[in-house]
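So the chains spell out like this:
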Amino acid sequence: MKEIKVLGEGANFTAVSTGRFDELNGFELPMGEGVTVKGKVFTGAALKATGMEMSLQTMAPGQESPFVHAHKKHEELYMIIKGEGEFRVDDETFAVAEGSLIRVAPAGKRWLRNTGKTDMVVMCIQYMAGSFGADDTPAGDGVIL
């Protein structure tokens, strides 16, 4: 099974690599109860992230999410990096393709399928819903050095 490679670490950063997107199939993610998702990797622990989780996934033509799911507290942002498919949230299904961004609230029941003829690559960032306040804009939180 493929592993995340650490590129560098310091007091204020961690850099890792999952490798080329066309090599994501080397990862396997055990989800429990006999469910393993091939081609998916979570990166938060390797990055030593403290406020989010991130995953990368490749889906072959015709492949779909192994289950519909929702969250208790976490919002998710899906980014379609390559390919095309259909995304369902609750009772609404819509087409997605490279460049599509989909934000799903914790209670949203989500599911994804690759409807294209090539692999689809998806990045998903999971974070605490409602954690940003009025001062958490890029200008409000940023410090010009």
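Quick note: structure is the one above.
One structure accompanies this document, and this report is about it.

Some remarks on the environment of Ile80
Take Ile80: it is sitting in strand E7 (residues 74-82). In sequence terms Ile80 and Leu24 are 56 residues apart; their C-alpha atoms lie 15 Å from each other. Those residues in contact with Ile80 that sit more than four places away from it in its chain are Val96, Ala97, Glu98, Gly99, Ser100, Ile102, Met120, Val121 and Val122.

What about the nonpolar core?
Counting 12 residues, the largest nonpolar core is built from Met59, Tyr78, Ile80, Phe87, Val89, Val96, Ile102, Val104, Leu112, Met120, Val122 and Cys124. The element best represented in this core is strand E12 (residues 120-128), accounting for 3 residues. Beyond its immediate stretch of four places on either side in the chain, Val96 contacts Ile80, Glu84, Gly85, Glu86, Phe87, Ile102 and Leu112. Residues Met54, Leu56, Val121 and Met123 belong to the second largest nonpolar core, which totals 8 residues.

Focus: the packing of aromatic side chains
Considering all chains together, one arrives at 2 aromatic pairs under this definition. Between the aromatic rings of Phe87 and Phe94, the centroid separation amounts to 5.9 Å while the plane-to-plane angle is 25 degrees, which identifies the pairing as stacked. With a relative accessible area of 1%, Phe87 lands in the buried category. Note on Phe94: relative accessible area 29%, which makes it partly exposed. The rings of Tyr78, Phe87 and Phe94 are connected pair by pair, giving a single aromatic cluster.

Here is what the cut-offs are and how they apply
Residues numbered from 1 in each chain as written. Predicted model: local features only at pLDDT ≥ 70, side-chain atom pairs only at ≥ 80, totals over all residues. Heavy atoms only, no water. Helix = DSSP H or I, 4+ residues; strand = E, 2+ residues; numbered from the N terminus. Contact = heavy atoms within 4.5 Å. Core = buried A, V, L, I, M, F, W, Y, C linked by side-chain atoms within 4.5 Å. Buried < 20%, exposed > 50% of the residue type's maximum accessible area, 1.4 Å probe, protein only. Phe/Tyr/Trp six-rings, centres within 6.5 Å; stacked < 30°, edge-to-face > 60°.

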